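These are the residues of each chain, in order.
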Amino acid sequence: QVQLVESGGGLVQAGGSLRLSCAASGRTFSGYHMGWWRQAPGKEREFVAAIHWSGGYTYYADSVKGRFTISRDNDKNTVYLQMNSLKPEDTAVYYCTADPNWAVVRGIRDGVDYWGKGTLVTVSS
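The rules behind the values
- Residues numbered from 1 in each chain as written.
- Predicted model: local features only at pLDDT ≥ 70, side-chain atom pairs only at ≥ 80, totals over all residues.
- Heavy atoms only, no water.
- Salt bridge = Lys/Arg side-chain N within 4 Å of Asp/Glu carboxyl O.
- Helix = DSSP H or I, 4+ residues; strand = E, 2+ residues; numbered from the N terminus.
- Buried < 20%, exposed > 50% of the residue type's maximum accessible area, 1.4 Å probe, protein only.
- Contact = heavy atoms within 4.5 Å.
- Disulfide = S-S within 2.5 Å.
- Core = buried A, V, L, I, M, F, W, Y, C linked by side-chain atoms within 4.5 Å.
- Pairing = 2+ DSSP bridges.
- Axes fitted to C-alpha atoms, helices over the stretch in contact; angles between N-to-C directions.

Chemist: Is there a simple way to think about the pattern of salt bridges in this case?
Modeler: Scanning all chains against the criterion turns up four salt bridges. For Arg38, the salt bridge is made with Asp90, and the minimal N-O distance between the two is 2.9 Å. Taken together, the residues Arg38 in strand β4 (residues 33-39) and Asp90 in the loop between β8 (78-83) and β9 (92-99) connect sequence positions 52 residues apart. Residue classification places Arg38 among the buried residues on the basis of a relative accessible area of 6%. One salt bridge in this structure joins Arg67 and Asp90, with 2.7 Å as the shortest N-O distance. Of the two residues, Arg67 sits in the loop between β6 (58-60) and β7 (68-73) while Asp90 sits in the loop between β8 and β9, which places them 23 residues apart along the sequence. Neither residue differs from the other here; Arg67 and Asp90 are each classed as buried. When salt bridges that share partners are traced, they join Arg38, Glu46, Arg67 and Asp90 into one network.

Right, here's the structure in full:
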């Protein structure tokens, strides 16, 4: 089992920045690829970003490419999502994910093993 706890959400004005964190516990963190997904009000959950267990590869949704950066610290069992140039359409609950399959954590295949409970990001115009 892997437990994931997100933090760092809040209210920010358009154009501002936030950094989300996800602390993992349980099984060996470095053995899992990690990702971020989000769900806006009234919309389906969507993939945002993913990072390989090695930290050497990252993958982003087109909607956030160039604005968001995912990173991880395997010594601290933590993954981060730096969000810059935020837009009102980025408003959503952001979820941390973990999976041993690289295709799954990027949303290419279904069946993510572990989800956090989410943290709310609200971007005002």
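Chemist: Is there a simple way to explain the side chain of Thr119 in this structure?
Modeler: If you trace the backbone, Thr119 turns up in strand β11 (residues 119-124). Setting aside residues no more than four positions away along its own chain, Thr119 makes contact with Glu6, Ser7, Gly8, Gly9, Leu20, Ala92, Val93 and Tyr94.

Chemist: Sorry, what's going on with the state of the cysteines here?
Modeler: One covalent bond between the sulfur atoms of two cysteine residues makes up a disulfide. Summed over the entire model, instances satisfying the criterion amount to one disulfide. Through a disulfide, Cys22 is tied to Cys96; the S-S separation comes to 2.1 Å. Disulfide Cys22-Cys96: the torsion about the S-S bond is -85 degrees, which places it as left-handed. Linking Cys22 in strand β3 (residues 18-26) with Cys96 in strand β9, this pair joins segments that are 74 residues apart in sequence. Comparing Cys22 with Cys96, the two get one shared label, buried.

Chemist: So what exactly am I meant to see when it comes to the nonpolar core here?
Modeler: As a rule of thumb, soluble globular proteins bury nonpolar side chains together. Counting residues in hydrophobic clusters, the biggest one holds 35 residues, and the most contacted among them are Leu4, Met34, Trp36, Val79, Leu81, Met83 and Tyr94. With five residues, strand β5 (residues 46-51) is the single largest residue contributor to this core.

Chemist: How should the sheet that holds β8 be read in this particular structure?
Modeler: What holds strands together in a sheet is hydrogen bonding between their backbones, with the strands either parallel or antiparallel. Taking strand neighbours across the sheet as the criterion, the four strands line up as β1-β3-β8-β7 in an open arrangement whose pairing is antiparallel. Every interior strand has two partners, whereas the edge strands, β1 (2-7) and β7, have only one. Between one strand axis and the next, the sheet turns through 15 degrees on average, direction left out of account. Relative to β8, β3 is paired through six bridges, and the arrangement is antiparallel. The residue of β8 that forms the bridge with Ser21 is Tyr80.

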